[in-house]
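# Summary of the model geometry
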Amino acid sequence: MKILIDTNIALNKLLKHPVLFEYSDTIFKLAEIGQITGYISASAITDIYYIARKSLGKTGATQAIKKMLSVFHPATVTGEHIFQALDLDWNDFEDSVQFVVGVTLSVDYIITHNIKDFSLSAIPAITPKQLIETITGTDE
């Protein structure tokens, strides 16, 4: 199974969000053991670094990004992706870029805590909890 994680999933893990960390952490672990193949768009990585640096400092943010990239494959964002995302005319440009990258990669799911932001997506957007339930066949 191939997934693309949204920026908020990485930030919840890296910044240890008090409520959402556990599920995001599990997604990282599933990718780390190869149960899923995870991607993150290159454009999201720069945003994650910028935000993480405010909390973790330069060295901490750098280490966190390197650790993340040992688990998730960086997905190229091309000029064509940007033009396609602009043509979608979604309310959130970042999410439209994520979607277009996901289409290029043929991912099964976009993992996010903001499902409503992907309401126009042809790729199912699900939460980390929903992905874990899908993989384990359970309903937590």
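For the structure itself, look to the data block above.
Residues numbered from 1 in each chain as written. Predicted model: local features only at pLDDT ≥ 70, side-chain atom pairs only at ≥ 80, totals over all residues. Heavy atoms only, no water.

### Let's talk about helix H1 (residues 7-14)
Taking burial as the measure, the 8 residues of H1 include 7 buried ones, the bulk of the element. For H1, the set of buried residues is Thr7, Asn8, Ile9, Ala10, Leu11, Asn12 and Leu14. The positive-phi residue at the C-terminal boundary of H1 is Lys16, with phi of around 55 degrees. (Buried < 20%, exposed > 50% of the residue type's maximum accessible area, 1.4 Å probe, protein only. Helix = DSSP H or I, 4+ residues; strand = E, 2+ residues; numbered from the N terminus.)

### A word on the sheet that holds strand S1 (residues 2-5)
Pairing is parallel in the open sheet, where 5 strands are placed in the order S3-S2-S1-S4-S5. The open sheet has two edge strands with one neighbour each: strand S3 (73-75) and strand S5 (125-126). Each of strand S2 (37-41) and S3 touches helix H3 (residues 42-69); the most contacted strand, S2, lies at about 85 degrees to it. (Pairing = 2+ DSSP bridges. Contact = heavy atoms within 4.5 Å. Axes fitted to C-alpha atoms, helices over the stretch in contact; angles between N-to-C directions.)

### Concerning the nonpolar core
The biggest cluster of nonpolar side chains holds 25 residues, and the ones touching the most others in it are Ile3, Ile5, Ile27, Ile40, Ile48, Met68 and Phe72. Elements supplying a minimum of two residues to this core: S1, H1, helix H2 (21-32), H3, strand S4 (109-111) and helix H6 (128-136). Counting residues per element, this core draws most heavily on H3, at 6 residues. Here Ile3 is in contact with Ile27, Ile36, Thr37, Gly38, Tyr39, Phe72, Val107, Tyr109, Ile111 and Leu131, once residues within four sequence places are set aside. (Core = buried A, V, L, I, M, F, W, Y, C linked by side-chain atoms within 4.5 Å.)

### Regarding the pattern of salt bridges
Side chains that differ in charge, positive against negative, can pair when their charged atoms come close. Within this structure, the stated rule accounts for 4 salt bridges. Lys67 serves as the salt-bridge partner of Glu32, at 3.2 Å between the closest nitrogen and oxygen. Of this pair, Glu32 sits in helix H2 while Lys67 is found in helix H3, placing the two residues 35 residues apart along the sequence. The partly exposed category is assigned to Glu32, whose relative accessible area is 48%. When the shortest N-O distance is used, the salt bridge between Lys116 and Asp117 registers 3.7 Å. By relative accessible area, Lys116 is classed as exposed at 64%. Each of Lys13, Asp25 and Lys29 takes part in salt bridges that share partners, so that together they form one network. (Salt bridge = Lys/Arg side-chain N within 4 Å of Asp/Glu carboxyl O.)

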